[in-house]
Amino acid sequence: MKQSQLFTKIKKEIPSGEVAKNAQLLLQAGFIHKEMAGVYSFLPLGLRVIEKIKHVIRKELNNAGCQEMSMTSLQSKDIWKKTGRWSDDVVDNCFKTSLKNGTELGLAFSHEEPVAQIMANYVHSYKDLPFSAYQFQTKFRNELRAKSGIMRGREFLMKDLYSFHVDKKAHDEFYEKMKGVYMEIFRKLGLGGNTYLTMSSGVPFSKYSFEFQTISEAGEDVILFDKEKKVAINKDDFSDEIFVDFGLNKDDYVFEEAKSIEIGDIYSLGTKYSEAIDLTYADAEGKSHPVFMGSYGIGVPRVMGTVVEVYNDEDGIIWPEEVAPFAVHLISLCKGDAEKGVVEKVYKQLISHNIDVLYDDRSNVSAGQKFAESDKIGIPHRVIMSPKTIANNTFEYKKRSEKDAKYMSFDALLRIISKTY
RNA sequence: CGGGCUGUAGCUCAGUUGGCUAGAGCGCCUGGUUUGGGACCAUGAGGCCGUGGGUUCAAGUCCCACCAGCCCGACCA
């Protein structure tokens, strides 16, 4: 894409009214627009990042045999009444509205009930199990207080996966597998190094669950973790009891304490929802049993915000390659028509190699401004073309994460850039 | 939902004990000089001073209410 066509602009000042670093950097560089507290629109650059994150998640889940679907945000209160979650005393962050005729509706904050309701139409026999289905879908949560930029929104895109098994044993096997799948997702998203599978207290219907916590000062949680052994426990749940329950010896570990961001969670739901919704199957003897369920969430904007919190410097964002809005920022410092033509050709050549490239073709902007803005956007690879480099028949390449540039041939450049694509 | 802070130009902000026609920087328009780390000169446009009420000869400034934003706390399936 040509930068002259991009309607967003990079702002010089940090927007006021945001303390969260992720929101500051993303607003400043034109990735997002704030509609109201906790509600953000995604502009072209921001949407590209969202799509990249979705792509990584989708690929891993599909590989794991999960099926993608899409459920609705509008839900009738009846199914939530079945599980008691319509009551404000049970779930206090549900947005509620109504039809013209007065029928009450809720905006889905999660989809355990709807998905169980749907599956009740298709699951009748043990032969229909197991399976798992997920979606990327907007969730609405009436948080008492929005904070942390895009990391705790009132409206946000969530990947929610639900699993369906005949019994706990079959479920547990899948649950264990998902731990690995999730870690692989976060590794691919660039968060592997400082993300910990963390033991935590569960939802009311299972004593414990696991969270994926990324170490960051911007976090709202605190975990105790053993760096070497990769064991972590949410500070809220750190007790002798948890060690006993997991069969671990507390003395085997050296725990550090750090603030962290919960970027994912996986829950064993048991039969709570299937019993309430009447999602049952017949076993080989014809006896009826409730389906054993699990749910597995990743907040997509929260992952995006976390990446920004983890990867930035005083000049702006530094996107990991897997989630960067573009792979290459091609910056032209040329003014003459002939030289501009050369850059244009390189731009097209990169595209023909299937490389996402943002081409700063603006001719009325100073070099310094282009560099400063490029740093803010944070595209991992930068290629600079100037009359000098063209005359020398060389390409100037600089990584966003490094200070110094290198000069190389087009082929060498291509090798570096296309390594991850 | 409790406590605190803040709403003035597109953005970041200044605006004195209430006092004339509302200020700066950035951004934007126009013209010119520039071009390797947010260049410079000149010119111009741009305001319901969050909303409503009140006090006053006079309100951006004081008072009340409401709305919105931020922070701390509580909350976070």
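Residues numbered from 1 in each chain as written. Chains lettered and ligands numbered in written order. Predicted model: local features only at pLDDT ≥ 70, side-chain atom pairs only at ≥ 80, totals over all residues. Heavy atoms only, no water.

(A) Expanded view of the protein's contact with RNA strand B. As a matter of local geometry, RNA strand B sits amid 38 residues, with R141, R145, R152, E373 and D375 nearest to it. Considering the 4 Å shell around the protein, atoms of RNA strand B inside it are sugar or phosphate in 44% of instances. In this structure, a base oxygen belonging to RNA strand B sits 3.4 Å away from a main-chain N or O atom of K11. A distance of 2.2 Å is found between a phosphate oxygen of RNA strand B and a side-chain nitrogen or oxygen belonging to R145. Listed by contribution, the elements that provide at least two residues to the surface near RNA strand B are β1 (32–36), α10 (367–377), β21 (381–385) and β22 (395–399). A per-element tally of the surface near RNA strand B places α10 first, with eight residues. Looking at side-chain class alone, the surface near RNA strand B contains 15 nonpolar, seven polar and 16 charged residues. (Near = heavy atom within 4 Å. Polar contact = N/O pair within 3.5 Å; in protein donor to acceptor, adjacent residues only side chain to side chain. Helix = DSSP H or I, 4+ residues; strand = E, 2+ residues; numbered from the N terminus. Nonpolar A, V, L, I, M, F, W, Y, C, P; charged D, E, K, R; others polar.)

(B) Focus on the packing of helix α1 (residues 21–28) against helix α8 (residues 300–310). Contact geometry of α1 with α8 gives a least axis separation of 8 Å together with a crossing angle of 95°. Judged on the interaxial angle alone, α8 and α1 are roughly perpendicular. Facing α1, whose interface residues are K21, N22, L25 and L26, α8 presents M304, G305, V308 and E309. In terms of residue class, the contact of α1 with α8 is built from four nonpolar, two polar and two charged. (Axes fitted to C-alpha atoms, helices over the stretch in contact; angles between N-to-C directions. Parallel < 35°, antiparallel > 145°, perpendicular 65-115°, else oblique. Contact = heavy atoms within 4.5 Å.)

(C) Examining the sheet that holds strand β4 (residues 74–76) more closely. The three strands are arranged β4-β6-β5 in an open sheet whose pairing can be described as antiparallel. The open sheet has two edge strands with one neighbour each: β4 and β5 (95–98). Each strand of the sheet is rotated relative to its neighbour by a mean of 40°, with strand direction disregarded. Relative to strand β6 (residues 104–107), β5 runs antiparallel, the two being bridged by four bridges. Along β6, the bridge assignment pairs F95 with L107. (Pairing = 2+ DSSP bridges.)

(D) How the structure looks around the packing of helix α2 (residues 44–63) against α8. Contact geometry for α2 and α8: axes closest at 10 Å, N-to-C directions at 110°. With respect to α8, the element α2 is oriented roughly perpendicular. Taken together, the residues of α8 that come into contact with α2 (itself represented by G46, V49, I50, I53 and I57) are V300, P301, V303 and M304.

(E) Inspection of unusual backbone geometry at higher detail. In this structure, P130 follows L129 across a cis peptide bond, with omega equal to -5°. Of note, K230 is a non-glycine position whose phi angle comes to about 55°, a positive value. Of note, K230 is situated in the loop between β11 (221–226) and β12 (231–234). For K230, a relative accessible area of 39% gives the class partly exposed. The backbone of N393 shows a phi angle near 55°, a positive value even though the residue is not glycine. (Buried < 20%, exposed > 50% of the residue type's maximum accessible area, 1.4 Å probe, protein only.)

(F) Focus on the domain arrangement of chain A. Segmenting chain A into domains produces domain 1 (3–313) and domain 2 (326–418). Taking the mean C-alpha position of each, domain 1 and domain 2 sit 38 Å from one another. Contacts between domain 1 and domain 2 engage 11 residues on the former and 12 residues on the latter. In this assembly, domain 1 packs against domain 2 so that about 1,100 Å² is buried in total across both faces, 54% of it on carbon and sulfur atoms. When the buried area of domain 1 at its contact with domain 2 is split by residue, Q3, I10 and R48 rank highest and sum to 51% of it. Among the ionic pairs, D313 bridges to R400, the shortest N-O distance being 2.8 Å. At the junction of domain 1 and domain 2, the tally comes to five residue pairs in polar contact (both at pLDDT 80 or more). For the side of domain 1 that touches domain 2, the leading source of residues is α2, giving three residues. Here the side of domain 1 that touches domain 2 is composed, by residue class, of four nonpolar, three polar and four charged. (Domains from an automatic or database assignment. Buried area = accessible area lost by both parts, 1.4 Å probe. Salt bridge = Lys/Arg side-chain N within 4 Å of Asp/Glu carboxyl O.)

(G) A look at the sheet that holds strand β20 (residues 357–360). Strands sit in the order β20-β19-β21-β22-β23 across an open sheet of five strands; the sheet is mixed. Among the strands making up the open sheet, the edge pair consists of β20 and β23 (406–408). The average angle at which neighbouring strand axes cross in this sheet is 25°, direction not considered. Judged from the four bridges that link them, strand β19 (residues 328–332) and β20 form a sheet pairing that is parallel. Counted as the bridge partner of V328 is V357 from β20. Of the strands in this sheet, β19, β20, β21 and β22 touch helix α9 (residues 337–352), which is tilted by about 170° from β20.

(H) Seen up close, helix α12 (residues 410–417). Buried within α12 are the following residues: F410, A412, L413, L414 and I417. Contact partners of the buried residues in α12: β19, α9, β21, β22 and β23.

(I) Spotlight on the confidence of the model for chain A. The share of residues in chain A with pLDDT of 70 or more is 99%, and the mean pLDDT across the chain is 94. Both scores are given for the predicted complex: the pTM is 0.96, the ipTM 0.93. (pLDDT = per-residue confidence, 0-100.)

(J) How the structure looks around the nonpolar core. Of all hydrophobic cores here, the largest spans 62 residues; its most connected members are F31, I185 and W319. Looking at this core, you find at least three residues from each of domain 1 (3–313) and domain 2 (326–418). W319 has contacts with L26, F31, V49, M304, V307, V308, A324, P325, I377, G378, I379 and P380, leaving out every residue within four places of it along the chain. The next biggest cluster of nonpolar side chains, apart from the first, holds 21 residues, and it includes A327, L350, M385 and L414. (Core = buried A, V, L, I, M, F, W, Y, C linked by side-chain atoms within 4.5 Å.)

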